[in-house]
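Coordinates in review
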Amino acid sequence: MDALVVDGPAVDRLADDGPDETVGGVTADGPDPEEMYPVGPEVEVELRPQRRLRIWQLAPIVGLSAVGSLMFAFPLAFDFGDSGAVIAMLGLLICSCAAGWGMMAARRVGYTWPGLPPRGSGRRPDWRVVLGYLLLVALVVVLAVWRVARLR
């Protein structure tokens, strides 16, 4: 039913609704690439989002560190009696866990500590920087344990 017979061979009904001139079997119905971008060459843009910590990663870390800091600071500041040392050590533990969780989340995103090489770079960290970080952490732990021990 698509063809109509008019005094001879069949004629296609829909032949007059498009352009008749074809170039190599393809109709030229759009602008050339040069006409589409007259200002210069195309510019490639990175479509992936930047690697950064999201709010759902930061919220529990900040919450736990705030609770741990308060649990550690209040017994030390106001001397809550015999249970103050236990609460302070529990607060120190919670705060340390939040700090470790934050470091692991930052490492997963691609952040590093100052002075340390980026993950996957193949470079080895400088032993002096690592030793400095270890001494800083040891000093904080010794001062915290010494202060909690003085509560007793």
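Look up: the structure comes first, before these words.
All of the points below concern the structure found in this document. The residue numbering used here restarts from 1 in each chain and proceeds along that chain's sequence as written. Selection of residues for local features in this predicted model requires a pLDDT of at least 70, selection of side-chain atom pairs for listing and counting requires 80 or more, and totals for whole chains, interfaces and linings are taken over all residues. Only heavy atoms go into the side-chain values, all of them from the structure, while hydrogens and water stay out.

From N to C terminus, the protein chain includes four helices and two strands. Secondary structure counts use DSSP, requiring at least four H or I residues in a row for a helix and at least two E residues in a row for a strand, with both numbered from the N terminus. Start at the N end of the protein chain and walk to the C end: the helices and strands fall as β-β-α-α-α-α. Here the protein chain holds 152 residues, and 13% of them are scored as buried. Nonlocal contacts in the protein chain, meaning residues at least 24 apart in sequence, comprise 50% of its contacts between residues at least 6 apart. As presented, the protein chain carries roughly 12800 Å² of accessible surface, and 65% of it is formed by carbon and sulfur atoms. When a residue's accessible area, from a 1.4 Å probe over protein chains only, is under 20% of the maximum for its type it is buried; when over 50% it is exposed; and in between it is partly exposed. Any two residues having at least one pair of non-hydrogen atoms within 4.5 Å are treated as being in contact. All accessible-area figures derive from a Shrake-Rupley calculation using a 1.4 Å probe, and residue coverage is judged against the displayed protein chains alone.

A separate point is the nonpolar core. Phe72, Leu76, Ala85, Ala88, Leu92, Ala144 and Val148 form the largest nonpolar core, which has seven residues in total. Of all elements in the fold, only α2 (55-78), α3 (84-109) and α4 (127-151) reach the threshold of two or more residues within this core. The leading source of residues in this core is α3, at three residues. Residues in contact with valine 148, not counting those within four places in the same chain, are Phe72, Leu76, Ala85, Ala88 and Met89. Only buried Ala, Val, Leu, Ile, Met, Phe, Trp, Tyr and Cys residues count toward a nonpolar core, and they belong to the same one when joined by side-chain atoms within 4.5 Å.

Attention now moves to α2. For a helix, the expected span equals 1.5 Å multiplied by the number of residues minus one. For α2, built from 24 residues, the straight-helix expectation of 34 Å at 1.5 Å per residue is met to within 8% by its first-to-last C-alpha distance of 33 Å. Of the positions making up α2, those classed as buried are Gln57, Ile61, Gly68, Phe72, Pro75 and Leu76.

Angles here are taken between N-to-C directions and fall from 0 to 180 degrees, while the axes themselves are lines fitted to C-alpha atoms, restricted in helices to the stretch in contact. Where α2 meets α3, the closest approach of the two axes is 7 Å, and the angle between their N-to-C directions is 155°. With respect to α3, the element α2 is oriented roughly antiparallel. The handedness of the crossing between α2 and α3 is left-handed. Angle categories are assigned with fixed cut-offs, so that under 35 degrees is roughly parallel, over 145 is roughly antiparallel, 65 to 115 is roughly perpendicular, and the rest are oblique. Rotating anticlockwise by less than a right angle from the far helix to the near helix defines a left-handed crossing, while the corresponding clockwise rotation defines a right-handed one.

Right, let's talk about the state of the cysteines for a bit. A pair of cysteine sulfur atoms is labelled a disulfide when the two atoms are within 2.5 Å. Applying the stated criterion to the full structure yields zero disulfides. In this structure cysteine 95 is not part of a disulfide, and its nearest cysteine sulfur, from cysteine 97, lies 9.4 Å away. Since its relative accessible area comes to 23%, cysteine 95 is described here as partly exposed. A relative accessible area of 46% places cysteine 97 in the partly exposed class.

This part takes up α3. Its 26 residues give α3 an end-to-end C-alpha distance of 37 Å, which sits within 8% of 38 Å, the value for a rise of 1.5 Å per residue. Of the positions making up α3, those classed as buried are Gly84, Ala85, Ala88, Gly91, Leu92, Ala98, Gly102, Ala105, Ala106 and Val109. At the C-terminal side of α3, glycine 110 shows a positive phi close to 120°.

Our focus in this paragraph is the pattern of salt bridges. One speaks of a salt bridge when a side-chain nitrogen belonging to Lys or Arg is within 4 Å of a carboxyl oxygen belonging to Asp or Glu. Here the structure, examined in full by the defined rule, presents one salt bridge. Arginine 128 is paired through a salt bridge with aspartate 126; the nearest N and O atoms lie 3.2 Å apart.

Once that is clear, we can look at a nonpolar patch on the surface. In this scheme, patches are assembled from residues that exceed 30% relative accessible area and form no salt bridge. Like charges are connected within 9 Å, while nonpolar side chains (Val, Leu, Ile, Met, Phe, Trp, Tyr) are connected within 5 Å. There is a patch of nonpolar side chains on the surface, built from Ile55, Trp56, Leu58 and Val62 and spanning about 460 Å² of accessible area. Secondary-structure assignment places valine 62 in helix α2.

The next subject is the environment of arginine 108. Considering the arrangement of structural elements, one finds arginine 108 in helix α3. For arginine 108, a relative accessible area of 62% puts it in the exposed group. Spatially, the C-alpha atom of arginine 108 lies 9.2 Å from that of arginine 119, the residues being eleven residues apart in sequence. Among all residues touching arginine 108, those that are not within four sequence positions of it are Arg51 and Arg119.

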